[in-house]
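Breakdown of the fold
Below are the chains, spelled out letter by letter.
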Amino acid sequence: MTKAPSKNIPVADSEIDISDAVDAADTRKGIQSVEVSGVIIAALCDFKFPVPLKDLAAAVDMPPAKVHRYLASLVRIGLAWQDDLTGLYGLGPMALRMGISAIERNDVVMRAGRLLRNLAIELRSSGHLAIWGERGPVLIRTEHGGPPIISTMGLGTVMPLLRSATGQAFLSTMPRGAIEHVIRAEQDILHWDDATVDRLIIETRERGAAVIEGDIVPGLSAISAPVYNLDGAVACCVTLMNPKANYFQPGQPAFDVFLRAIADFTQSWGGKPRDEAEGIQTVIVKDRSALSGGRKGV
């Protein structure tokens, strides 16, 4: 039988390694700290705008002093950001970089980025790539292949669902149940009824792409279409903008080039839209004549 170590034997000579125990304790503390930081970062993601410390602390159910200590470290490494004038907190540049890097690991989105760049150069236009976020289409990449277009749209911008080409491309292809909350919110602002939204969806599908003339930026012509995953779900939408009026209208050369490029890309990738009855829960409007009349706000 093996004799147990005597209590008088020095710890270094026993089978217990104090350094291992300390390392294990430190590891547990480190993991806990990361988890707490993750809760705070997740709360920053949920707020639409920069937030006061007390509101953030309330959201994560922690004392403000504790949240402040974590925020100090998060700000130093760029995962959080504090406005010097207001003291409000938001996500930092490292958080944005992490999000974009994670998105770009998606192969179809990476390929769509190359498609966007090639189309922007060929059609001498500016453009962007957008994915669906919790509050609508979110810009994750921009390209300029022609004269720069001055706008406030940058990475992370959430585009309108009903009034932008990017939004309308998602609107006409996403499952209705997944985007209903965004539709309702914008309907309340624009005072659009359901018939107006249904008509917009039908027209966009029939055209094969969403086309906007100067609604977000005056004098700007924009076109957008979705790129699909292998399972038929929308992976992202490709959007181009040009300062020439009617540049992307149906019948114009740029419209045909854009649609052909999207179709060729979809075929080469192997993606395809889901069957409409399976993937898009939009009200089927049988009487199209009931929807006649001008579109409000578009």
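Because the structure is predicted, anything quoted here is derived from the model rather than measured.

**Re the sheet that holds strand β4 (residues 136-144)**
Strand order in the open sheet made by the five strands is β4-β3-β7-β6-β5, with antiparallel pairing throughout. Of all the strands in the sheet, the pair left with one neighbour each is β4 and β5 (210-213). The mean inter-strand angle of the sheet, taken between neighbouring strand axes irrespective of direction, is 25 degrees. Across five bridges, strand β3 (residues 126-133) lies against strand β7 (residues 234-242) in antiparallel orientation. Note on β7: the bridge partner recorded for Ser126 is Met241.

**Re the packing of helix α2 (residues 53-60) against helix α3 (residues 64-76)**
In the contact formed by α2 and α3, the axes pass within 9 Å of each other and the chain directions differ by 105 degrees. As the angle between them shows, α2 and α3 are arranged roughly perpendicular. Only Pro64, Val67, His68 and Leu71 of α3 make contact with α2, whose side of the interface consists of Leu53, Leu56, Ala57 and Val60. Across the contact of α2 with α3, the residue classes break down as seven nonpolar, one polar and no charged.

**A look at the pattern of salt bridges**
Applying the stated rule across the entire model yields six salt bridges. The salt bridge partner of Arg141 is Glu143, with a shortest N-O separation of 3.0 Å. Judged by its relative accessible area of 21%, Arg141 falls in the partly exposed class. Overall, the relative accessible area of 15% leaves Glu143 in the buried class. Between Asp194 and Arg184 there is a salt bridge whose closest N-O contact spans 2.7 Å. In this pair, Asp194 sits in helix α8 (residues 194-207) while Arg184 sits in helix α7 (residues 176-190), placing the two residues 10 residues apart along the sequence. The network of salt bridges with shared partners includes Arg176, Glu180, Arg184, Asp194 and Asp198.

**Description of the environment of Leu161**
With respect to the helices, strands and loops of the structure, Leu161 is situated in the loop between β4 and α6 (165-171). You can call Leu161 buried: its relative accessible area is 0%. For the pair formed by Leu161 and Leu171, sequence separation is 10 residues and the distance between their alpha carbons is 6.6 Å. Not counting residues within four places of it along the chain, the set of residues in contact with Leu161 comprises Trp132, Gly167, Gln168, Phe170, Leu171, Ile179, Val182, Ile183 and Glu186.

**What to know about the nonpolar core**
In this structure, Leu119, Leu129, Ile223, Val238, Leu240 and Phe258 are the most contacted members of the largest nonpolar core, which totals 29 residues. Those elements that place two or more of their residues in this core are α5 (107-122), β3, β6 (221-228), β7 and α9 (253-269). A per-element tally of this core places α9 first, with eight residues. Ignoring anything within four residues of it in the chain, the contact list for Leu129 reads Val109, Ala112, Gly113, Leu116, Val138, Leu139, Ile140, Arg141, Cys236, Cys237 and Val238.

**Some points on the packing of aromatic side chains**
A ring pair, where both rings are aromatic, is described by two values, the distance of the centres and the angle of the planes. Per the stated rule, a full pass over the model turns up two aromatic pairs. Where Trp132 meets Phe170, the ring centres are 5.6 Å apart and the plane angle is 50 degrees; that geometry is what we call tilted. Of the two residues, Trp132 is situated in strand β3 and Phe170 in helix α6; the sequence distance between them amounts to 38 residues. Residue classification places Trp132 among the partly exposed positions, given a relative accessible area of 22%. Phe170 gets classed as buried once you look at its relative accessible area, which sits at 1%. Ring centres of Tyr247 and Phe248 lie 4.9 Å apart, and the angle between their planes is 85 degrees; on these two criteria the pair is classed as edge-to-face. Looking at Phe248, the relative accessible area reads 0%, which means it is buried.

**Some words on α8**
In a regular helix each residue adds 1.5 Å, so 14 residues correspond to 20 Å; α8 covers 20 Å between its end C-alpha atoms and thus fits that length. Within α8, burial applies to Thr196, Val197, Asp198, Arg199, Leu200, Ile201, Ile202 and Thr204. Where α8 terminates, the next one or two residues include Gly208, which has phi positive at roughly 95 degrees.

Rules of the game
- Residues numbered from 1 in each chain as written.
- Predicted model: local features only at pLDDT ≥ 70, side-chain atom pairs only at ≥ 80, totals over all residues.
- Heavy atoms only, no water.
- Pairing = 2+ DSSP bridges.
- Helix = DSSP H or I, 4+ residues; strand = E, 2+ residues; numbered from the N terminus.
- Axes fitted to C-alpha atoms, helices over the stretch in contact; angles between N-to-C directions.
- Parallel < 35°, antiparallel > 145°, perpendicular 65-115°, else oblique.
- Contact = heavy atoms within 4.5 Å.
- Nonpolar A, V, L, I, M, F, W, Y, C, P; charged D, E, K, R; others polar.
- Salt bridge = Lys/Arg side-chain N within 4 Å of Asp/Glu carboxyl O.
- Buried < 20%, exposed > 50% of the residue type's maximum accessible area, 1.4 Å probe, protein only.
- Core = buried A, V, L, I, M, F, W, Y, C linked by side-chain atoms within 4.5 Å.
- Phe/Tyr/Trp six-rings, centres within 6.5 Å; stacked < 30°, edge-to-face > 60°.
- Expected span 1.5 Å × (residues − 1).

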